Amino acid sequence: MNNKWIYIIFLCLIYTKSVTDVMSTYDNGSPKSINTYDVKKDGLKLKEQAFFYQNGTLKAKGILKRDTWQWSYYSVNGEKSLEPIKLDESNVNLNNAITEVQNNQLMIVKQLQALANEQQILKKSLASKNQNSKKQERPKKKQERPKADPNKVYDIPIGKSVVLGNPTAKVTIIEWTDFQ
């Protein structure tokens, strides 16, 4: 029975991955803001932001639920406030930049996947064309060069060629030249 609960807790820890990052700090080292991200298949997704006063008490906490931020604000002494408090805007710009980079990464990944799919389609079509062309081609026999026969006599007519010596000799030596 105890092992079952250990496995359940272990599985819950595996599936509830989150990353917390201190985005900025005051000069005394206390955090100005902390962001918490969920680890998803397609990257990190901002799920929570917390802003702090210089003394370390919580100033505001935002939770992203269904693409809408729900904020809670607190005074310097830690009491919950109904009025919104001005937050550090540099973190909002940074979060927007992070979101933009993540969106661009997703777009690049989708484009790479589309290119990989097109490449696979081209490979398949080339493979099928090669198989079809091999089936249609008849196997060609390699033509061997004829071997010289030293005993063969070649009869070459002299015609109107220039002859040095007796044109009716039993043996004739013919010389070819190319004048260019």
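Everything quoted here is computed from the prediction, not taken from an experiment.

S.K.: With reference to specific residues and values, describe the pairing of strand β4 (residues 58–65).
M.R.: Pairing geometry for strand β3 (residues 43–52) and β4, over five bridges, is antiparallel. Residue pairing across strands places Phe51 opposite Ala60, the latter belonging to β4. Where β3 folds back on β4, the antiparallel hairpin that results is connected by five residues, among which Gly56 adopts a positive phi of roughly 100°. As defined by bridge partners, β4 adjoins strand β5 (residues 68–74) across six bridges and the pair is classed as antiparallel. Within β5, the residue paired with Lys61 across the bridge is Ser72. Linking two consecutive strands that pair antiparallel, namely β4 and β5, is a turn of two residues; a positive phi of about 55° is found at Arg66 within it.

S.K.: An account of the sheet that holds β4 is needed here, citing residue identities and associated values.
M.R.: Whenever strands of a sheet pair, they do so through backbone hydrogen bonds, lying parallel or antiparallel. The six strands lie next to each other as β1-β2-β3-β4-β5-β6, forming an open sheet whose pairing is antiparallel. Either end of the sheet is taken by a strand with one partner, and the two such strands are β1 (18–25) and β6 (80–81).

S.K.: Can you lay out the environment of Pro84 for me, pointing to particular residues and giving the numbers?
M.R.: Take Pro84: it is sitting in the loop between β6 and α2 (89–136). In this structure Pro84 comes out as exposed when scored by relative accessible area, which is 58%.

S.K.: Could you give an account of the pattern of salt bridges, naming the residues involved and the relevant values?
M.R.: Under the definition given, this model contains two salt bridges. Residue Lys47 is joined to Asp38 by a salt bridge in which the shortest nitrogen-to-oxygen separation is 3.4 Å. On the basis of relative accessibility, which here comes to 29%, the residue Lys47 falls in the partly exposed class. One salt bridge in this structure joins Lys61 and Glu48, with 3.7 Å as the shortest N-O distance.

Reading guide: rules and limits
The written sequence of each chain sets the order in which its residues are numbered from 1. Selection of residues for local features in this predicted model requires a pLDDT of at least 70, selection of side-chain atom pairs for listing and counting requires 80 or more, and totals for whole chains, interfaces and linings are taken over all residues. Working from all heavy atoms in the structure, the side-chain values ignore hydrogens and water. For two strands to be treated as a pair, DSSP must find at least two bridges joining them. The helix count covers DSSP runs of H or I at least four residues long, the strand count covers runs of E at least two residues long, and both are numbered beginning at the N terminus. Buried residues are those whose accessible area, probed at 1.4 Å on protein chains only, stays under 20% of the maximum for their type, while exposed residues exceed 50% and partly exposed ones sit between those limits. Here, a salt bridge means any Lys or Arg side-chain nitrogen found within 4 Å of an Asp or Glu carboxyl oxygen.

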